[in-house]
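Structural overview
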Amino acid sequence: MLNQTSFEKGHFVDREMSKAYDPKAIEESIFTTWQKGGHFEQSPSAEDITKSREAGDVSADDPSLNPYVITIPPPNVTGSLHMGHALNNTIQDVLIRKNRMAGRPARWVVGTDHAGIATQNKVEQKLAKEGLTRFDIGREAFIDKCWEWRSEHGSQIINQLKAMGCSCDYDREWFTMDPSYQQAVREVFVEWFNRGLIYRGTRIINWCPRCTTALSDIEVEHEDKPGKLYHVRYPVVSDGGHASEVSTCRSRDLARHATSENHISESSITHNAEAEDIQYITIATTRPETMLGDVAVAVHPEDERYKDLVGKSVLLPLMDKPIPIIADDYVEPDFGTGALKITPAHDANDFEVGERHNLPQVNIFDKEAVVTTEGGAYEGLSREDAREKIVADLQAGGYLVEIEEHPHSVGVCYRCATAIEPWLSEQWFVDMKPLAEPAIEVVRDGQVKFHPKRWENVYFHWMENIRDWCISRQLWWGHRIPVFYCDGCNWTAALKEDLSVCPECAAPVRQDEDVLDTWFSSQIWPFAVLGNTSGTPAHCSRDFARHAASESPSYASQNCNKGDKPFTWFTPELAANYPTNALSTAPDILFLWVARMIMSGLDFVDDIPFHDVIIHPTVFNKEGRRMSKSLGTGVDPLDLMEHYGADGMRFGLMLQVTGVQDMKFDEDKLLSSRNFANKIWNAARFVQMNTDGIQMGDAPPQPEALADRWILSRLAHLVERVTESIDSFAFGEASRDLYGFFWNDFCDWYIELAKGRLNGEPEERAAVQHTLVFVLDNALRLLHPMMPYISEEIWRGLPIHADVSGAEPSLIVAQWPKQEDFATLRDVDAERRIELLKAVVSALRSTRARYQISPRTELEASVKVGKKSDGTLLQELAPQIAQLANASKLQVDVDLAKPAQSAVTVATGLEIYVHLEGLVDFEAEKARLTKERDKTAKELAKFDKKLSNEGFLAKAAPEIIEKDRAKADDLRVALAKLEAQLAEQG
RNA sequence: GGGCGAUUGGCGCAGCGGGAGCGCAGGGCCCUUACAAGGCCAAGGUCACUGGUUCAAAUCCAGUAUCGCCCACCA
């Protein structure tokens, strides 16, 4: 473990690194140094940035004038970190860190959401333990309790982000109930109200009887549940009079049938009905209890079965109330019985039918879904009890014809899973169509891009079919609707400031009791937090703000005037930071939040809130079930960090980010990542132990040796791959490339090759040392966004900072490797040659394993090469091959006789012999060679067939043909050698 | 009812037009002074199915099947 002096520069050599990487030993202190170093708070200078934006091309190349900004999706104050957060915030931190290293002022704005329903539920639960309800303590005291709750629990999730290593700007932590944020929400409401986009209306809305509040359509989740379709017959009365005598008489017969079978055949009813000369109309419903609020029975106008009945009435059973039979296109003749009961107060469709036919609206439920006095004898029953009793009574009365199994989807509250009641009530709505149109346009023309792109279609579909948004909530915790009423003169207005007396008649006014949907306030998050620095939003035009900012930010904020709109939100700071760069989020809040931010951003700031929307996969557990605390299927990221370290968790998550929409979370990947961290740690230990006392700058080495040229070429490749992958949000690809480079290229081959060379001539040793440090340095830079802790810890100890004076060097702000600086290090020739070396080493190792020769036993081996140039090369590399395969007496030549007692391996252009005096099992060798020969022959046949195909030769790309020809030739040579070997063995 | 995604070795996943890869598990050998959270070696797949496009298909198109997600006012 590195000790506390690790911060000193260039003292790699002074410290002992522990044998295994221990995340706990370093994470906290590293995080502290980042924070103390002020690296999280890179606020771009408004003047500089505004200048740069105005100058356009002049400063476009200067990253320091090109800020990189992300506003975090604010987690709920009630929340604690779950896997979705862990994934989402790792993505954002990777982007922020990469861009910060690339020299851009990077700022990740952080904060929490007041989460109206969720928080209110928590506080109510707490009160319930004391035997209290919110009504017992009153609105004001309740809101105080909510603030109290927030100050006790609100920092939890922020601390968890810190544990993950997220480099947010914690100096300014926002809360969606901050006074200035409240004011911003109010501005938005009043603006839309005054423009007529916000209106009040009595509608069927989604009501949660447990939370006792309205919800928007997208806050309702649908679950398929087993249910029943009840067929109920309503007796027809022609004159609006009563058919009760007969019906009562008949009902006893029916009741007997019903109790014995619970299923009454249609024919017997018809028969009896005819006999009694009473007509019935049978409706089908899944919710028999709502019949108490029925005001009509509807049939399709073209339906022959019922044509004659339209205009007549039926007697509503149990309520003894005549209601009309109407005709409406909405009815599907083929569903159920083709007749539909109309309950305008408890079904959105029925409501519309009711409107068309001027029917009354009978609301039979109170806010807790208990039957009201409108429900007659059923008053006071819950909806569940009412259903039970009504079904029993219908059956007893002979009205129940049939009960059919009918699975159907039930809407439930997204916060408490209680079944939603469609309920008629007066609520506030936003007219969405005018807002949606420009928001569709900016995605269509590519100003806002979704990643993966397919989500754009989901967005379009929803936006093009958008419906008005119910924004009022019957809660106490939240942004109170700023509409004031005068009961004296009916004066009403939406106001930015509170008011106590009516401006018309001086009577006392009252404010609307409801609060706003939490998503109403979160939709303005990007511009509210970026533009709202002083507490009161500045109102000035974008052009004015930009101009003023370039002169003097303070002048601008003091002198903003009204621009070309009633007001816009352009403060100088907003002008500098907005639009933000990326928004990363889960698919489930695409509509709830992302779409609405685009709409409100365009409307209030005249600009998109972000350029790129990253929709990351939803995290499921290994069995494909949703991660959920209540189901016990969740995994706690804190536990994972405990086991694998923050870096292990982050990297393990990044490995799993691909273009798919669901991610079955695989903890094995975290284990791999922890092991990966340990591998890097130990590679660094090796470098430390072998670069004792050296000092160097960070200039690239001038490689001469093949191995150095090779690893630098691989590094150059990595720089390109990782940069491009992160920039295109391909996190899985970037992490796999890093993994492969560190583990395979650097550790398995380069370090192994370096071992011998470190004991060589001083110049050789120096070259290796230089290369080791240079490669490790740059690879750590590339790794840093994904694994910030371990990379920082190791990097600080590298002997590259010896010439740095003053500020403490920190990887978090080290320069991101530039592709153009590395381009010259690409070396195709070196890569090909090292492949040859690998082939020889692998062949020798394979033979050793086959004959179970101890690694300590030196092999006696010889390589017969086909080409002279390969011979020269392998002769040069002989010492290293000898070392990697423990084959000291290695002979390489073009013309080399096969030793009598030897095992042979045929590789591309090579025959590799291992001398095995008395050990060779000729039968086994023969079997192996035969297998090898057959495989080669088969492979060759495939290529020969391809190469004799005229279509292929005519149409395939020349380089492909060339490649295949070369491959076929290689195979032919190999085959010949194998044949010869077999012939020799008889 | 509409849309989207997935189907590749025992498990979890990459690859998305030109010679089937990774991690984990399992097998053999090895505590070789960076790392046993490791090294080396070997084994394991007709890339769901059926057609089509193409010189060439795991990869593109169409259809089928299975699983999953989202949207939708058929009671």
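Higher on the page you've got the structure.
Figured I'd write up the structure that's included with this text. Small disclaimer: the values here were computed from a predicted structure and weren't measured.

1. Examining the side chain of glutamate 456
Tracing the sequence through the fold places glutamate 456 in helix H14 (residues 455-464). The contacts of glutamate 456, once residues within four sequence positions are left out, are Val443, Val448, Lys449 and Phe450.

2. So, the protein's contact with RNA strand B
Close to RNA strand B lie 63 residues; Glu332, Ser672, Trp743, Lys955 and Lys967 are nearest. Within 4 Å of the protein, the contacting atoms of RNA strand B are 62% sugar and phosphate, with bases supplying the remainder. A distance of 3.2 Å separates a sugar or linking oxygen of RNA strand B from a polar atom in the side chain of asparagine 678. Alanine 683 has a polar backbone atom sitting 3.3 Å from a base nitrogen of RNA strand B. Residue assignment for the surface near RNA strand B shows that the elements contributing at least two residues are strand S8 (280-285), strand S26 (662-664), helix H22 (667-690), helix H24 (731-757), helix H28 (828-850), helix H30 (922-947), helix H31 (950-955) and helix H32 (958-985). Considering each element in turn, the surface near RNA strand B owes the most residues, 12 residues, to H22. Residue composition of the surface near RNA strand B, by class: 22 nonpolar, 17 polar and 24 charged.

3. Considerations on the state of the cysteines
Within the structure shown, the criterion is met by 0 disulfides. Cysteine 208 forms no disulfide, and the closest cysteine sulfur to it belongs to cysteine 416, at a distance of 3.5 Å. Here cysteine 211 is not disulfide-linked; the sulfur of cysteine 208 is the nearest cysteine sulfur, at 3.6 Å. On the basis of relative accessible area, cysteine 211 is assigned to the buried category, the value being 5%.

4. Observations regarding empty space enclosed by the protein
Over the atoms a probe the size of a water molecule is rolled, and this reveals where empty space is left. Under the definition given, this model contains 3 cavities of 30 Å³ or more. For the largest cavity, the calculated volume is near 80 Å³. The wall of the largest cavity is formed by 14 residues, among which Gly116, Ile117, Tyr414, Asp517 and Thr518 lie closest to the centre. At the level of elements, helix H4 (116-129), strand S22 (515-516) and helix H15 (518-522) are the ones that each hand at least two residues to the lining of the largest cavity. Per-class residue counts for the lining of the largest cavity are 8 nonpolar, 2 polar and 4 charged. The calculated volume of the second largest cavity comes to roughly 50 Å³. Lining the second largest cavity, in full, are Val123, Lys126, Leu127, Glu130, Lys145 and Trp149. Residue assignment for the lining of the second largest cavity shows that the elements contributing at least two residues are H4 and helix H6 (139-153).

5. Some points on the sheet that holds strand S24 (residues 610-615)
Taken in spatial order, the 3 strands line up as S16-S24-S23 in an open sheet, and their pairing is parallel. Each end of this open sheet is capped by a strand with a single partner; those strands are strand S16 (449-451) and strand S23 (580-585). Ignoring which end each strand starts from, the neighbouring axes of this sheet average 20° apart. Where S23 lies against S24, 5 bridges are found, and the strand directions are parallel. Each bridged residue has a counterpart across the sheet, and for threonine 585 the counterpart in S24 is isoleucine 615.

6. So, the packing of aromatic side chains
Per the stated rule, a full pass over the model turns up 34 aromatic pairs. Each ring, one from tryptophan 192 and one from phenylalanine 604, has its centre 5.4 Å from the other, and the planes form 35°; the classification is tilted. One end of the pair, tryptophan 192, is in helix H8 (residues 179-194); the other, phenylalanine 604, is in helix H20 (residues 590-605), and 412 residues separate them in sequence. What makes phenylalanine 604 buried here is its relative accessible area of 1%. For the ring pair tyrosine 739 and tryptophan 743, a centre distance of 5.4 Å and an interplane angle of 25° mean the geometry is stacked. In this pair, tyrosine 739 and tryptophan 743 both sit in helix H24, 4 residues apart, roughly one turn of the helix. By relative accessible area, tryptophan 743 is classed as partly exposed at 22%.

7. Examining the pairing of S23
The element S23 is largely enclosed, with a buried count of 6 among its 6 residues. Crossover handedness for the path S23 to H20 to S24: right-handed.

8. Things to note about the nonpolar core
Leu95, Phe189, Met463, Phe520, Met599, Phe746 and Leu844 are the most contacted members of the largest nonpolar core, which has 200 residues in total. The biggest single contributor to this core is H24, with 12 residues. In contact with phenylalanine 746, other than residues within four places in its own chain, are Ala683, Val687, Ile711, Phe741, Ile751, Leu772, Val775 and Leu776. Counting residues in each nonpolar core, the second largest holds 43 residues, with Tyr306, Ala339, Leu359 and Tyr378 among its members.

9. Some words on the packing of H14 against H20
Look at H14 against H20: their axes get within 11 Å of each other, and the N-to-C directions meet at 80°. Classified by the interaxial angle, the pair formed by H14 and H20 is roughly perpendicular. The segment H14 lies against H20, with Trp455, Val458, Tyr459, Trp462 and Met463 engaging Leu590, Phe591, Ala595, Ile598 and Met599. By residue class, the composition of the contact of H14 with H20 is 10 nonpolar, no polar and no charged.

Procedures and definitions
Residues numbered from 1 in each chain as written. Chains lettered and ligands numbered in written order. Predicted model: local features only at pLDDT ≥ 70, side-chain atom pairs only at ≥ 80, totals over all residues. Heavy atoms only, no water. Helix = DSSP H or I, 4+ residues; strand = E, 2+ residues; numbered from the N terminus. Contact = heavy atoms within 4.5 Å. Near = heavy atom within 4 Å. Polar contact = N/O pair within 3.5 Å; in protein donor to acceptor, adjacent residues only side chain to side chain. Nonpolar A, V, L, I, M, F, W, Y, C, P; charged D, E, K, R; others polar. Disulfide = S-S within 2.5 Å. Buried < 20%, exposed > 50% of the residue type's maximum accessible area, 1.4 Å probe, protein only. 1 Å grid on protein atoms, 1.4 Å probe; cavity = no way out; pocket = protein on both sides within 12 Å on 5 of 7 lines; lining within 4 Å. Points joined across faces, edges and corners; volume = space filled by probe spheres on them. Pairing = 2+ DSSP bridges. Axes fitted to C-alpha atoms, helices over the stretch in contact; angles between N-to-C directions. Phe/Tyr/Trp six-rings, centres within 6.5 Å; stacked < 30°, edge-to-face > 60°. Right-handed = clockwise from strand over helix to strand, strands pointing away. Core = buried A, V, L, I, M, F, W, Y, C linked by side-chain atoms within 4.5 Å. Parallel < 35°, antiparallel > 145°, perpendicular 65-115°, else oblique.

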